[in-house]
Amino acid sequence: MVMSVRKFIWPVVLVLVTVLLIGGGILLSRQQEGGLKPGTLISESGSVALVGRTTEVRVPWGSLQVTVTEPLDETEDGEKVGPGKSLIGVQVSLRGPEDLLMTDRVPNGYLLDPTFTLVADDEEYLLEGLAGWINDEEISPVSRRQYVALKGVPEKLSLKVGYEGVEQVVDGLTGRLVRGKAQPLYDLGFPGGAQPCGEPLWSPGAGDVGKAVTTCLITSAATRPYAAGLGWAPEGSRWMLVNVLPGTPPEFKGPEGTYTVVDSTTTYLLDLQAPQKTFDFNDALPPGAIAAENDSQVAVFEVAEDRPTGQFEVRTELVGETEVTIGKGKKKRTKTETFEALVALGAFL
């Protein structure tokens, strides 16, 4: 009788164990399938600081504070990733208007949004939630945050920050930044202050007259690796932007006395080279900006990154007119005489 009971109990126990194992496996499988799917992007408010490794990354229009977290189980707002997965959070903040770099642009040149791409074990995730910095040519100061759900814990982690074809890479595990071709953004000098040009040099037969003295003022000069509308300067070069008031005189002295200027053309040379582009300063202002009363001109040159101080020249071709009397007696009459002159000024930049 005892043997028959044992024979009956063992098959039952075996079935129960099998059922429990199968049931546990199904439950574990469901737990693993739960939570966020790898690759899911979650955007949250960046109103408070995110804990992680923080790196300063500069773009042509400003300085950004970029934070990358350690692998997490849940977001700041409490959204859980689920077993067998992890979350990486990235937050980007504008450091403040006092840290904004000088923005240089040509007419029809626009500020751009940088791109942020998380790279985890060679898989790339474009963080679209970190876009939106530029709105109608104004820079938004609002911090942005986005998480990426990953399978497991990444062994390698980095963040690529791109701006019009140039990438900088933040090591997500150490915070180290590889600046690459964007390095010149971290070496910017202050723009040169205002300085007058030297004495004017006139072509034969022409010169200043009365109070109509030829003047020339360079209001600023700066070298930049990037200019909106021109893009990044070629490797080994910089853009040099010279803002100048050429001071064209309203009249000048010529063979027949004083000539009124009826037409003028000003050109610029730097180290005997013509500029890549010349434009009126007001033409490059963003929408809504107040135009300058004395509209200066901007000449943009491509120069070597190690260029020494050299000669900047302003050459203005003038067309002047004056009334002269000819003939005698009843044949006496006046006619308009035209005279062309050239005035040149220079400065060291």
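Before reading on, note that the structure itself is shown above.
This one's a predicted model, so the numbers in the text were calculated from it and none came from an experiment.

What counts as what
Residues numbered from 1 in each chain as written. Predicted model: local features only at pLDDT ≥ 70, side-chain atom pairs only at ≥ 80, totals over all residues. Heavy atoms only, no water. Helix = DSSP H or I, 4+ residues; strand = E, 2+ residues; numbered from the N terminus. Contact = heavy atoms within 4.5 Å. Disulfide = S-S within 2.5 Å. Buried < 20%, exposed > 50% of the residue type's maximum accessible area, 1.4 Å probe, protein only. Salt bridge = Lys/Arg side-chain N within 4 Å of Asp/Glu carboxyl O. Polar contact = N/O pair within 3.5 Å; in protein donor to acceptor, adjacent residues only side chain to side chain. Pairing = 2+ DSSP bridges. Core = buried A, V, L, I, M, F, W, Y, C linked by side-chain atoms within 4.5 Å.

*Asks:* Hey, could you run me through the overall build of the protein in this one?
*Replies:* When its secondary structure is counted, the protein shows 1 helix and 24 strands. In the protein, of all internal contacts separated by at least 6 residues, the share reaching a separation of at least 24 is 69%.

*Asks:* I'm lost on the state of the cysteines in this one. Help?
*Replies:* Structurally, a disulfide amounts to a covalent bond that connects the sulfur atoms of two cysteines. Inspection of the entire model under this criterion finds 1 disulfide. The partner cysteine of cysteine 197 in its disulfide is cysteine 216, sulfur to sulfur 2.0 Å. Of the two residues, cysteine 197 sits in the loop between β13 (195–196) and β14 (201–202) while cysteine 216 sits in the loop between β14 and β15 (217–224), which places them 19 residues apart along the sequence. Just as cysteine 197 is buried, cysteine 216 falls in that class too.

*Asks:* Can you walk me through the pattern of salt bridges in this structure?
*Replies:* It is possible for side chains bearing opposite charge to pair when their charged atoms get close. The full count for this structure, using the stated rule, is 13 salt bridges. Two residues, arginine 238 and glutamate 305, come together in a salt bridge whose shortest N-O distance is 3.2 Å. In this pair, arginine 238 is assigned in strand β18 (residues 237–245) and glutamate 305 in the loop between β22 (297–304) and β23 (311–326), connecting sequence segments 67 residues apart. Note on arginine 238: relative accessible area 18%, which makes it buried. The salt bridge involving aspartate 271 is made with arginine 307; its shortest N-O contact spans 2.7 Å. Of this pair, aspartate 271 sits in the loop between β20 (257–270) and β21 (277–280) while arginine 307 sits in the loop between β22 and β23, and the two are 36 residues apart along the sequence.

*Asks:* Help me understand the environment of aspartate 263 in this model?
*Replies:* Along the chain, the position of aspartate 263 falls in strand β20. Take aspartate 263: its relative accessible area is 44%, and that puts it in the partly exposed class. Residues aspartate 263 and glutamate 340, 77 residues apart in the sequence, show an inter-C-alpha distance of 9.6 Å. Filtering out sequence-adjacent residues up to four positions away, aspartate 263 remains in contact with Glu317, Leu318 and Val319.

*Asks:* So what exactly am I meant to see when it comes to the environment of glutamine 146 here?
*Replies:* Locating glutamine 146 in the fold gives a position in strand β9 (residues 144–151). Residues glutamine 146 and glutamine 91 lie 55 residues apart in sequence; the distance between their C-alpha atoms is 6.6 Å. Here glutamine 146 is in contact with Leu41, Ile42, Ser43, Ile88, Gly89, Val90, Leu127, Glu128, Gly129 and Leu130, once residues within four sequence places are set aside. Polar side-chain contacts of glutamine 146 include one of 3.0 Å to the side chain of serine 43. Only 3.4 Å separates the side chain of glutamine 146 from the backbone nitrogen of glutamate 128, close enough to count as a polar contact.

*Asks:* Would you mind going over the sheet that holds β23 with me for this structure?
*Replies:* Backbone-to-backbone hydrogen bonds join strands into a sheet, with any given pair of strands oriented parallel or antiparallel. Pairing in this open sheet of 5 strands is antiparallel, and the strands run β14-β24-β23-β20-β19 from one edge to the other. Across the chains shown, the open sheet's two edge strands, defined by having one partner strand only, are β14 and β19 (251–254). As defined by bridge partners, β19 adjoins β20 across 4 bridges and the pair is classed as antiparallel. Across the sheet, glutamate 251 pairs through a bridge with threonine 260, a residue of β20.

*Asks:* Help me understand the nonpolar core in this model?
*Replies:* Looking at soluble globular proteins, one finds that nonpolar side chains tend to be buried together. Core analysis: the biggest nonpolar cluster contains 34 residues, and Trp61, Leu64, Val90, Phe116 and Leu159 have the highest contact counts within it. Among the secondary structure elements, those contributing two or more residues to this core are β2 (53–59), β3 (62–68), β4 (85–94), β5 (115–120), β9, β10 (157–163) and β11 (166–171). Ignoring sequence-local partners within four residues, the contact set of leucine 159 consists of Val66, Val68, Val90, Phe116, Thr117, Leu118, Leu127, Gln168, Val169 and Val170. In this structure, Val261, Leu270, Phe301 and Phe339 belong to the second largest nonpolar core, which totals 26 residues.

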